[in-house]
Amino acid sequence: TNFVLLVGNSQKMEVEVRPQNQIVRWSSSNSSVASIDENGIVTGISGGVVTITASITSNGKTYSDSCSISIVSLNISLESEFIDVGETTTMYIDYLPLSGELEWKNRNPDIISVQENEKTLLITGLAPGSTQIMITVDGVGQSYLIHVRD
């Protein structure tokens, strides 16, 4: 995989052609996973891996280059972002592709503790305050703010 993109996000692809006045044609190996427009902007549609190809035709010959993109679908639901000291809330994480590597980071382990159970995180309030928990799959992700009350 050349890079990773979250479903719903877009990234401009870059290609260098000479002479520069060549028309580049873009294509996606699976338009249900990622689309690409005539300007080279790829958009993640669903979880999976897709090959994006740029091609030009010069003097009757076609030249092309491709890259592989992992599109990550990351759906997270949090029972409550507000908990009391000693209380536990649950974060449910669903992602594709299933081969993706799920990681999380607790920004302040003095405020919350986190226990992982497959695709579920149990978050327990330890001390009053606010902290972030970052959830990533294959290096892309989202952060959530957790508030712990006295």
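Criteria and cut-off values
- Residues numbered from 1 in each chain as written.
- Predicted model: local features only at pLDDT ≥ 70, side-chain atom pairs only at ≥ 80, totals over all residues.
- Heavy atoms only, no water.
- Helix = DSSP H or I, 4+ residues; strand = E, 2+ residues; numbered from the N terminus.
- Rg over C-alpha atoms; globule rule 2.2 N^0.38 Å.
- Buried < 20%, exposed > 50% of the residue type's maximum accessible area, 1.4 Å probe, protein only.
- Contact = heavy atoms within 4.5 Å.
- Areas by Shrake-Rupley, 256 points an atom, 1.4 Å probe, with all protein chains shown as cover.
- Lys, Arg positive; Asp, Glu negative; His and termini not counted.
- Charge placed at Lys NZ, Arg CZ, Asp CG, Glu CD.
- Salt bridge = Lys/Arg side-chain N within 4 Å of Asp/Glu carboxyl O.
- Pairing = 2+ DSSP bridges.
- Axes fitted to C-alpha atoms, helices over the stretch in contact; angles between N-to-C directions.

K.L.:
What is the right way to look at the overall build of the protein chain in this model?
P.N.:
Check the secondary structure of the protein chain and you find zero helices and 14 strands. Secondary structure elements of the protein chain, listed N to C terminal, follow the sequence β-β-β-β-β-β-β-β-β-β-β-β-β-β. For 150 residues, the compact-globule estimate of 2.2 N^0.38 gives 15 Å, and the protein chain exceeds it by more than 25% at 21 Å. Across its three principal axes, the protein chain shows a C-alpha extent of roughly 75 × 25 × 20 Å. By the burial criterion, 36% of the 150 residues in the protein chain qualify as buried. Considering only contacts in the protein chain between residues 6 or more positions apart, those separated by 24 or more positions represent 53%. Per element, the accessible surface of the protein chain, about 8600 Å² overall, is 45% carbon and sulfur. Separation of charge centres in the protein chain, based on 8 positive and 17 negative side chains, amounts to 13 Å.

K.L.:
Explain the pattern of salt bridges to me, please; I cannot follow it from the model alone.
P.N.:
Side-chain pairs of opposite charge can arise where the charged atoms are in close proximity. For the structure on display, the rule yields three salt bridges. Between arginine 18 and glutamate 16 there is a salt bridge, with its nearest N and O atoms 2.5 Å apart. You can call glutamate 16 exposed: its relative accessible area is 62%. Among the ionic pairs, arginine 149 bridges to aspartate 84, the shortest N-O distance being 3.1 Å. One end of the pair, arginine 149, is in strand E14 (residues 140-149); the other, aspartate 84, is in strand E8 (residues 82-84), with 65 residues separating them in the sequence. Take aspartate 84: its relative accessible area is 30%, and that puts it in the partly exposed class.

K.L.:
Whenever I open this one, the sheet that holds strand E4 (residues 34-36) confuses me. Can you help?
P.N.:
Paired through their backbone hydrogen bonds, the strands of a sheet run either parallel or antiparallel. Overall, antiparallel pairing links the three strands, which are arranged E2-E5-E4 in an open sheet. Sheet topology places strand E2 (10-12) and E4 at the edges, where each strand pairs with a single neighbour. Taking the axes of each pair of neighbouring strands and ignoring which way they run, one obtains an average angle of 20° across the sheet. The pairing of E4 with strand E5 (residues 41-44) spans three bridges and is antiparallel. Along E5, the bridge assignment pairs isoleucine 36 with valine 42.

K.L.:
Got a minute to help me understand the environment of phenylalanine 82 in this structure?
P.N.:
Counting through the fold element by element, phenylalanine 82 comes out in strand E8. Here the alpha-carbon distance between phenylalanine 82 and arginine 149, two residues 67 residues apart in the chain, equals 7.3 Å. The contact partners of phenylalanine 82, leaving out residues within four places of it in the chain, are His147 and Arg149.

K.L.:
It is not clear to me how the pairing of strand E13 (residues 129-137) should be interpreted in this structure. Could you clarify?
P.N.:
Within a regular strand, side chains alternate between the sheet's two faces. Taken together, the five bridges between strand E10 (residues 102-106) and E13 define a ladder with antiparallel strand orientation. Along E13, the bridge assignment pairs glutamate 103 with threonine 136. Pairing geometry for E13 and E14, over nine bridges, is antiparallel. Directly across from methionine 134, in E14, lies its bridge partner serine 143. Where E13 folds back on E14, the antiparallel hairpin that results is connected by two residues, among which aspartate 138 adopts a positive phi of roughly 55°.

K.L.:
Would you take a moment to explain the sheet that holds E10 for this structure?
P.N.:
In spatial order, the strands read E8-E14-E13-E10; together these four strands make up an open sheet with mixed pairing. Strand pairing shows two members of the sheet lacking a second neighbour, E8 and E10, which therefore form its edges. Sheet twist, expressed as the mean angle between neighbouring strand axes with direction ignored, is 25°. For E8 and E14, the ladder comprises three bridges, and the chain directions are parallel. Bridged to aspartate 84 within E14 is arginine 149.

By themselves, these observations are geometric and do not establish any function.
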